Amino acid sequence: MSKLLLYSRRFSSLSHDQLLLTPKFRPFTLNILHFRTFSADVNGETKAETARSMGYEGEGTGYNDSKYPSGEFVFKQRSAREEFLLKTRLFFALPWERFEKGSVLKMILRGEISDQLKSFSRALSLPQICQNFEKAAYDPRVVGIYLHIDTLNCGWGKLEEIRRHILNFKKSGKFITGYVPACGVKEYYIGCACDELYAPPSAYVGLYGLLVQASFLGGVLEKVGIEAQVERIGKYKTLGDQLTRKSMSDENREMLTALLDNMYSNWLDKISLAKGKKKEDIENFINEGVYQVERMKEEGLITDIKYDDEVMCLLRKRLGIPNTKRLPTVGYRKYSSVRRWTLGLTGYEDQIAIIRASGSISRTQGRFRTPSSRIIAEQFIEKIRSIRVSKKYKAVVIRIDSPGGDALASDLMWREIKLLAATKPVIASLSDVAASGGYYMAMAADAIVAEHLTLTGSIGVVTGKINLGKLYEHIGFNKEIISRGRYAELAAAEHRPLRADEAELFAKRAQDMYKHFRDKAAFSRSMSVDKMEQAAQGRVWTGHDAASLGLVDAIGGLARAVAIAKQKANIPLEKQVTLVELSRMSSSPLEILRDMGNTFVEADEAVKDLIHETTSSDAIQARMDGILFEKLEGATYTNSALALVLLWRGNHLLLMQHIGLLLLPPVTIFGKKEIEVIPGRGNGCR
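This structure is a prediction, so every number in the text was calculated from the model and none was measured. What you see as residue numbers is a count from 1 along each chain, following the sequence as written. In view of the model being predicted, local features appear only for residues whose pLDDT reaches at least 70, and side-chain atom pairs are presented and counted only at 80 or more, with totals across whole chains, interfaces and linings using the full set of residues. Side-chain metrics rest on all non-hydrogen atoms present in the structure, leaving aside hydrogens and water.

**Student:** Explain the overall build of the protein here, please?
**Tutor:** The helix and strand labels rest on DSSP assignments: H or I over at least four residues marks a helix, E over at least two residues marks a strand, and numbering proceeds from the N terminus. Looking only at helices and strands, the protein features 24 helices and 30 strands. Buried, partly exposed and exposed residues are distinguished by accessible area as a fraction of the type maximum, computed with a 1.4 Å probe on protein chains only: under 20%, between the cut-offs, and over 50%, respectively. Sorting the 686 residues of the protein into buried and exposed places 59% on the buried side. Sequence-distant contacts in the protein: of pairs separated by 6 or more residues, those separated by 24 or more amount to 78%. A 1.4 Å probe and the Shrake-Rupley method give the accessible areas. Residues count as covered only by the protein chains that appear here. Surface accessibility of the protein: about 28,000 Å² in total, with carbon and sulfur atoms responsible for 52%. By the convention used here, residues are in contact when the closest approach between their heavy atoms is within 4.5 Å.

Here it is as structure tokens:
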């Protein structure tokens, strides 16, 4: 069964990576006001049907998507001259680029998928996955693809990009066969796009629907003597609810229900189109709670039931390879080392720079952190400035996959992107999430391209303070402060509630930051402040809804962003360009060791880094921790706050220290147990 984990947006002094120390620790909260359902056209692309009206009116009720090029992939046959040049390049290919002709590219999609392009990483790289599809389409040594799809942990923006590249690859005439040992909604979303889809007899079948769940710590904090003082702007900015409430608010329930309906309808549309079935039939199948793989075969949702070796044997027979010989294959890692130049897919005169910005935003790099885990403003700005003075790049595409972070860092990067856009076209391409600080960066570009289900917007502010006075009293801890200046204790006095004048200053500061963010968004998107106010208020939007509001210009992936960049740079759309990746990570020995596995030493250093940054910074942050769709089977989510509460009797001081640090203004915590559950879409949901 799949689960919809909805990230929150917030302004806090805790970074995204500090909260996500392990894949099992996920925050939650989302506020959405306006949604549309989708229908699918014959090409498998979704398009908006009817706007679900929730009070929005204004100039952003529609957008002209047709004024931008589609960037649709067109497979081009090579000329005789091009074939000769390709054979020459393959003859002189580097040793690690060589493999047997007639090979099948075998890629295993499993676990987390990063939007960064780097080597020596255990995590899969979306750019490498997409490049492998494109290279395989033109590589004469590759006869087809065998796609092993296991439990996935990524957002719908990345899934849509992968699915699009599967459909593009099929245009080459080569086969692509899928295999799903664990078949959930995300795995099947990709698998159903393949020519054939197989599953083993013992496959885990989890097409039960989607659900959304929220955890509330109000009652827990009350019992241990912790009071969360949260200042939020906008009735739909519900991040602080997790710390102050014991149940879901009506506004939050309304928005999450709308989001769930949106996602569920989109999934049904895509699956029904891919399998040639009615949407009602797919929904009925889900509501039966089917768990037998045999039923999937009977309903035509998979091609057949076979083990992995049987599928490989089938491919060997299809390719005319005798049983005495093995099926020649090339793996994901090895094929990723094949250069585009070797296949004649680069080396064109005009160059477009690709900059990838992934992760939480901070101004400087913290201790024991690799640059790949976040967006470091200092490094990003340096890169932007070097591109601005360079004459070899005709345009720039900034690929953003970020929930936000430090508000000052976001503003500084916005300024540099704006200066870059004054010298050459800049297009923002949004991945899973580009919200709050992530959207702050994007809105400086000449045009913004998002996926249908990208989470973006989140123009708003939430800030807060934790009062630990009752907890301190209960455990016998005392803290006294000597200060000079009326508001000197504003950020330091966690042992008492805010005074009236401090609370007033707290609110004014948040309001001022919100106005600054909103007004700059209005300026960047050429909208009046009043119109932007209707789209702001901390609301998060899907890509399609953001386009209706004027927050996004076009719907699509990286290829469409490149096509728009070519259009704005006056490069003919049919002319090939060289894409220059400027964010390729050069892994250091420390990073390679880190990627080999987490250690207790690393965890200890990460906690120390968290404590250091939390206690030494009071920076406001523009953050929405994103949206993530995950599998329910086998997932165990730990709630750090609850775990720390259990340490109370064993070590009072440890409890006081860690809860005080981890719950400073403000933090969202996701736990396994649901306090309240929205009725699932599909009877199998819970």
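So much for the structure itself; the text now carries on.
**Student:** I would appreciate a short explanation of the packing of aromatic side chains in the present structure.
**Tutor:** Remark: the centre distance and the inter-plane angle together describe each pair of aromatic rings, the angle taken between the planes. Stacked, tilted and edge-to-face are the three classes applied to pairs of Phe, Tyr and Trp rings, where Trp contributes its six-membered ring and a pair requires centres within 6.5 Å; stacked means planes under 30 degrees apart, edge-to-face means over 60, and tilted covers the rest. Under the counting rule described, the total for this entry stands at 9 aromatic pairs. Relative to Tyr138, the ring of Phe75 lies with its centre 4.7 Å away and its plane at 25°, an arrangement referred to as stacked. Here Phe75 is found in the loop between β4 (46–52) and α2 (80–91), whereas its partner Tyr138 is found in helix α3 (residues 126–138), with 63 residues between them in sequence. Given the relative accessible area of 12%, Tyr138 is considered buried. Through successive ring pairs, a cluster of aromatic residues spans Phe73, Phe75 and Tyr138. A ring is considered to have a charge above it if a Lys NZ or an Arg CZ atom is located within 6 Å of its centre and within 35 degrees of its normal. Arg89 extends its terminal NZ or CZ atom over the ring of Trp341, reaching a point 4.4 Å from the ring centre. The lysine or arginine in question, Lys135, covers the ring of Tyr335, its NZ or CZ lying 5.1 Å from the ring centre.

**Student:** Before we go on, may I ask you to explain the packing of helix α13 (residues 377–389) against helix α14 (residues 407–421) in this structure?
**Tutor:** Two measures define how a pair of helices packs: the angle their axes make with one another and the distance between the axes. Axis definition: a line fitted to C-alpha atoms, limited for helices to the stretch in contact. Angles are taken between N-to-C directions and run from 0 to 180 degrees. The contact between α13 and α14 brings their axes to 10 Å, and the two run at 5°. One element, α13, and the other, α14, form an angle in the roughly parallel class. Touching Ala377, Phe380, Ile381, Ile384, Arg385, Ile387 and Arg388 of α13 are Ala409, Leu412, Met413, Glu416, Ile417, Leu419 and Leu420, all from α14. Any angle between 65 and 115 degrees counts as roughly perpendicular, while under 35 counts as roughly parallel, over 145 as roughly antiparallel, and the rest as oblique.

**Student:** I would appreciate a short explanation of the pattern of salt bridges in the present structure.
**Tutor:** Salt bridges are defined as contacts in which a side-chain nitrogen from Lys or Arg sits within 4 Å of a carboxyl oxygen from Asp or Glu. Per the counting criterion, the structure on display carries 41 salt bridges. Of the charged contacts in the structure, one is a salt bridge between Arg340 and Glu134, with a shortest N-O distance of 3.2 Å. Placement of Arg340 in the loop between α12 (332–336) and β16 (351–358) and of Glu134 in helix α3 is noted, with a sequence separation of 206 residues between them. Owing to a relative accessible area of 26%, Glu134 belongs among the partly exposed residues under this scheme. Among the salt bridges present, the one from Arg518 reaches Glu533, with a minimum N-O distance of 3.0 Å.

**Student:** Can you walk me through the pairing of β16 in this structure?
**Tutor:** Side-chain positions along a regular strand alternate between the two faces of the sheet. For β16, a buried count of 7 out of 8 residues is recorded, marking the element as mostly surrounded by other parts of the structure. For two strands to pair, DSSP has to find at least two bridges joining them. When β16 meets strand β19 (residues 393–402), the two strands line up parallel, connected through 8 bridges. Directly across from Arg356, in β19, lies its bridge partner Arg399. Across 4 bridges, β16 lies against strand β27 (residues 578–581) in parallel orientation.

**Student:** Would you take a moment to explain unusual backbone geometry for this structure?
**Tutor:** Leave glycine aside and you will find that most residues have negative phi; peptide bonds, for their part, are mostly trans. In this structure, Ser436 is a non-glycine residue whose phi angle is positive, near 55°. Positionally, Ser436 belongs in the loop between β21 (426–435) and α15 (437–442). Positive phi, close to 60°, is recorded for Gln537, a residue that is not glycine. Checked against the element boundaries, Gln537 lands in the loop between α18 (529–535) and β25 (540–542).

**Student:** Sorry, what's going on with the packing of α3 against helix α4 (residues 156–170) here?
**Tutor:** Running from amino to carboxyl end, α3 crosses α4 at an angle of 5°, the nearest separation of the two axes being 9 Å. Relative to α4, the element α3 lies roughly parallel. Contact residues: α3 offers Leu126, Ile129, Cys130, Phe133, Ala136 and Ala137, while α4 offers Lys158, Glu161, Ile162, His165, Ile166 and Phe169. Residue polarity is assigned by list, with Asp, Glu, Lys and Arg as charged and Ala, Val, Leu, Ile, Met, Phe, Trp, Tyr, Cys and Pro as nonpolar; anything else, Gly included, falls into the polar class. Grouping the amino acids of the contact of α3 with α4 by side-chain chemistry returns 9 nonpolar, 1 polar and 2 charged.

**Student:** Any chance you could explain helix α20 (residues 558–568) here in plain terms?
**Tutor:** Within an α-helix, residues lying three or four positions from one another point in the same direction, as the helix has 3.6 residues per turn. Within α20, 8 of the 11 residues are buried, which leaves the element mostly enclosed by the surrounding structure. Residues of α20 that are buried include every one of Leu558, Arg560, Ala561, Val562, Ala563, Ile564, Ala565 and Lys566, and no others.

**Student:** What exactly am I supposed to notice about the nonpolar core here?
**Tutor:** Soluble globular proteins: nonpolar side chains tend toward being buried together. Think of a nonpolar core as a cluster: buried Ala, Val, Leu, Ile, Met, Phe, Trp, Tyr and Cys residues, connected wherever their side-chain atoms sit within 4.5 Å. Of all hydrophobic cores here, the largest spans 74 residues; its most connected members are Phe133, Leu147, Tyr188 and Trp267. Sorting elements by how many residues they give to this core places helix α8 (residues 250–275) first, with 8 residues. Delimitation of the domains relies on an automatic or database domain assignment. Here this core gathers at least three residues from each of two domains, domain 1 (80–208 + 289–342) and domain 2 (347–481 + 488–586). Not counting chain neighbours up to four residues away, the residues in contact with Phe133 comprise Met107, Ile145, Leu147, Ile162, His165, Ile166, Phe169 and Ile176. Listed in part, the 53 residues of the second largest apolar core include Ala377, Val396, Phe517 and Met532.

**Student:** Is there a simple way to think about empty space enclosed by the protein in this case?
**Tutor:** The gaps left among the atoms become clear once a water-sized probe is rolled over them. The pocket and cavity definitions rest on a 1 Å grid over protein atoms only: a 1.4 Å probe that fits but cannot leave marks a cavity, an open set with protein on both sides within 12 Å along at least five of seven lines marks a pocket, and residues lining either have an atom within 4 Å of a point. Grid points are joined across faces, edges and corners, and a volume is the space filled by probe spheres set on the points. Counted under the stated rule, the structure contains 3 cavities of 30 Å³ or more. The computed volume of the second largest cavity comes to approximately 40 Å³. Lining the second largest cavity are Phe73, Phe133, Glu134, Ala137, His165, Asn168 and Phe169. Of all elements in the fold, only α3 and α4 reach the threshold of two or more residues within the lining of the second largest cavity. Residues belonging to the lining of the second largest cavity are distributed by class as follows: 4 nonpolar, 2 polar and 1 charged.

**Student:** Would you mind showing me how to read the environment of Tyr68 here?
**Tutor:** Looking at where Tyr68 falls in the secondary structure, it is placed in the loop between β4 and α2. Take Tyr68: its relative accessible area is 10%, and that puts it in the buried class. Excluding its chain neighbours within four sequence positions, the residues that come into contact with Tyr68 are Ala447, Asp553, Ala554, Arg560, Ile564, Gln567 and Lys568.

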